Amino acid sequence: MGIDITVVYVDHGDSDEVRTALSRLGETVDVVDTAAGCLSLLADPTVGCVVATDALPGATTVELCRRIRSRRLDVPVVAYPADGTEALAGELVAAGASGYVPQSQGVETLVARVDELLPADGEESTAAFSEADERVREEPTRFAGALERSPIAIVEWTPEFDVRAWNDAASQLFGFTTAEAIGRPATELVVPPDDRTDVLEYWRTIATAGEDASGTDRRRVGRAVRKDGTTITCEWIDVPIVDDAGDVAGVRSFVRDVTDERRRVRAFEQLHRTTSDLLRAESATEMAEIVIEATERIFDRPLAAVRLTDEDATRLEVAATSVRLEETTGEIPDAEPGDHSLWEAFTADEPTVVEDTDTIELPYRIDETAGNAVFHPLGDHGLISVAPSSDGALDGTDIHLIHVLAATTEAALDRARRDRKLERTSRELAARKGKIESLHGTASRLDDCKRHRDVYELTVEAAEEVLNFDVCVVDIARDGYLVKEAISAELDGEELEKMPIDAGVAGKTYRNGRTYCVDDLSADDDVSPAREEFRSVVSVPLGDRGVFQAVSTEPSAFDDDDVELAELLISHVTDALDRIDFEEQLRTERDRFAALFENVPDAVVVGRHDAESNLIVDAVNPAFERVFGYDESELLDERLERFIVPPGRSSEAKTFNRLANRGEVLEAEVRRRAVDGLRDFMLRVVPMEGEDTSESVGLYTDVTERKQREKRVEILNRVLRHDLRNGMNIVRGCAEMLENAVADDERRYAEIIQGRADELVELAEKTRAAERTFDQGGETTNAPIDLCDAVRRTSARLENEYPDVDVSRSVPDRCFVRADAYLERALYQVLENAVEHNDSPTPSVDVSVREHSDGELVRLTISDDGPGIPEDERELLEGNREITQLRHASGLGLWLVNWIVVGSGGQLRFRENDPQGTTVVVDLPRTDDETEPGTDADRTLE
């Protein structure tokens, strides 16, 4: 923006979260805790927005809005109350609030609303409303001209409430031309029949105010009727016109349409209530009914339905429909895979807006037309569909509200699913608790095991001693076989063969992952027991590790209780095995962290936060001791700030500690006291969750030398460029004088001097432009760009500026790449370079675009028939040779092209063109995303 904008945040409690969030908008944030403090700041013309909570002593948010409006009409006011209601929203809008965001909607919603209201460059702010009002008050003789020019609807009434003046903006708002409006009474023109009594009473109050009305205005919000019969909600500011005798000679009204604002407030209030209702709902069907009820309150008689997936997620079942949809539709069937537009929208997993509802394929008929429709998936839960009744259409605000409603519904359904899962888990845990009591001693012993083999041996022992099983064995899957890992003492010493995992009861148990109980092994031809006397078996899977089996010489030896107890034992065994694996992984990770901690070249400190968020040192690495000059023993259990934070930096350090203690990841440049004096560091702080305390890891990377080097380069660059430009201007001026002073046959030397001076001045200017370009760009974010469109635009520009050039193109219709926003300018630089260095009277340039064979890249080639780029310059640009005082590219343009291509994740290469010239090859990463990037088309390399 051209000037700094101030956002005034009024909150008696002063929320750091809100203040920090508002600061991200890039504007100044002033915090006051009283209404008086807010009003005192309104005299500052840079105040661009006021955010007010309801925690104000001596004034409500509504009263504060009225006071602000009495002083400044151009300043947007956003109410941020703790508890939002529709009644409060209406009062705030009537009092002049521009935005209404209950605190339950979150800080991000507040910041987004403030960002919408802040004026942008080139945007006409709401100050026009205030300015028009002041012109009419202070300069009545110029009112007629102001009335016609004003973008605000202005109407002047006679004392009898007839129209005396009516500007173009009023015609656009109400639909009546000036000729149609002049002389007609308001009650006949714009006041709804039901409101005429109240409006006339209000008018009589103004008309009889006399001298008391001078210099005052009245604000009201009410309905109005347009020429086409539609009703809108308007905000009226009525300014009485008092003549020299002190009588009211008329009233000037400034009017704006607030229909969308009021509807948006009511819609968000409804969404807020819906969120609360969804949190209380117990079933998905109940939630669907709540969502449809909210849809009917937000929109006028919508055609809406909520469909939920069945248990197998193979169909969308109708859960709730709006009244209007039921009225205009017969039986509504469920939707199945491949069924029309509904299933397509659900599987797309993103909102679908259909502008022409005639193209929608549905498994049923709707006896009513609609302008458009929105299909919004509810995650994997289902789909909500909304369309307006009759020939209406959903606008951008409506679609956004549907998106918010769908997101809230999806979150509620996720929560309900988690609750059901938690309930099931709780029941399972309760049942398991009884089993744990039976094997409590075994579970404790399993917790003491350190190796898998110890667990397997204890499993067999517990099965024999606790469960009274006769013979037990643990088989582990290894290389396609089940290998005996632990066996009962009765089998010890016997030669037991390994078994293929596709054989026997054990193999079936392992493959299917379920328990089997065989009552009579002799009756099963597929079973080959280790001994003929074994008659029955219970076989339990050990997850994906193997199988536990207990066998008996008696048929039907195992009942349901035995199976349950066996599964209980194996559940403990599986937990113990998982614990051992996790502990091994944890030890490995700790060893890696310890090695990294000890050997990383940057200074690292690990500490915990005390009650005041101060960082108390728990450990430092050797690099920290070396950089800051303290042994670890000196720092342990001490506040780190005492040792390394220089005077005047304590507040900054406390802020970082407080944010880290809240769990935020930080990265910032800081200055700290090192062993060799004050040094600049890049500080990165990563919070860690400790058992009892909040811990953080801080990494200090010394950037002092880099910053000093960058500063030196910047200074030298600016000085060199300045001196070069000034010096060359002097040389050129002298050359011009020399040209006029020498003989004709010697003037060519003066012309050479002038030409070279111009080239050096142009180089200095291009260097400055490049520096300015990259300074403005900052850290650019690559985004999808249609390379084919960029090629067509740049080649057309080349043909326009160089009429003699012959450009041929071979490009598809569309081809998207992910690239820097400056890519198009870089393409033009290559094309222009091909023409400017071509000595042919009709230069030829061939441009082609095609996808690379690997499918990951897009290749752009630009070929010319000029003299070609020298080999040493190509090697420099491709990075195959080092830059020295004797080896450097002669021009800046191709360097800029190379920087942009590399910054886009691509590669720039050169090859000779047959029979003459150069081919420039640019490979860029391909993307399927066709979203247009938000780039600045005016960015230039020139």
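Calculation criteria
Residues numbered from 1 in each chain as written. Predicted model: local features only at pLDDT ≥ 70, side-chain atom pairs only at ≥ 80, totals over all residues. Heavy atoms only, no water. Core = buried A, V, L, I, M, F, W, Y, C linked by side-chain atoms within 4.5 Å. Buried < 20%, exposed > 50% of the residue type's maximum accessible area, 1.4 Å probe, protein only. Helix = DSSP H or I, 4+ residues; strand = E, 2+ residues; numbered from the N terminus. Contact = heavy atoms within 4.5 Å. Phe/Tyr/Trp six-rings, centres within 6.5 Å; stacked < 30°, edge-to-face > 60°. Lys NZ or Arg CZ within 6 Å of the ring centre and 35° of its normal. Arc of directions from axis to C-beta. Patch = residues over 30% accessible without salt bridge, like charges linked within 9 Å, V, L, I, M, F, W, Y side chains within 5 Å. Areas by Shrake-Rupley, 256 points an atom, 1.4 Å probe, with all protein chains shown as cover. Salt bridge = Lys/Arg side-chain N within 4 Å of Asp/Glu carboxyl O. Pairing = 2+ DSSP bridges. Axes fitted to C-alpha atoms, helices over the stretch in contact; angles between N-to-C directions.

(A) Here's a closer look at the nonpolar core. The biggest cluster of nonpolar side chains holds 36 residues, and the ones touching the most others in it are Leu787, Leu823, Val845, Val849 and Leu860. At the level of elements, α27 (787-801), β29 (816-819), α28 (823-836), β30 (844-851), β31 (857-864), α30 (893-903), β32 (907-912) and β33 (918-925) are the ones that each hand at least two residues to this core. If you tally residues by element for this core, the top one is α28, at 8 residues. Valine 845 has contacts with Val805, Asp806, Val807, Ser808, Leu831, Ala834, Val835, Ile862 and Ser863, leaving out every residue within four places of it along the chain. Counting residues in each nonpolar core, the second largest holds 30 residues, with Leu439, Leu542, Phe558 and Ile580 among its members.

(B) Quick look at the packing of aromatic side chains. Tallied over the entire structure, the rule returns 13 aromatic pairs. The rings of Phe624, Phe628, Phe681 and Tyr700 are connected pair by pair, giving a single aromatic cluster. Positioned above the aromatic ring of tyrosine 516 is the side chain of lysine 508, whose terminal nitrogen or guanidinium carbon lies 4.6 Å from the ring centre.

(C) Inspection of helix α17 (residues 440-447) at higher detail. Every buried residue belonging to α17 is among Thr442, Ala443 and Leu446, and all of these are buried. Down the axis, α17 shows its buried residues gathered within 100° of arc, on one side only. Each element contacted by the buried residues of α17 is listed here: α18 (452-465) and α20 (560-599).

(D) How the structure looks around a nonpolar patch on the surface. Side chains of Val731, Leu738 and Ile753 sit close together on the surface and give an oily, nonpolar patch of about 200 Å² of accessible area. Structurally, isoleucine 753 can be placed in helix α26 (residues 747-777).

(E) Quick look at the sheet that holds β32. Strands sit in the order β28-β30-β31-β33-β32 across an open sheet of 5 strands; the sheet is mixed. Each having just a single partner strand, β28 (806-810) and β32 make up the two edges of the open sheet. Direction aside, neighbouring strands of the sheet carry axes that sit 15° apart on average. In terms of strand pairing, β28 meets β30 through 5 bridges, oriented parallel. For valine 807, the partnering residue across the bridge sits in β30 and is valine 845. Against the sheet, α27 contacts β28, β30, β31 and β33, and its axis sits at roughly 170° relative to β28.

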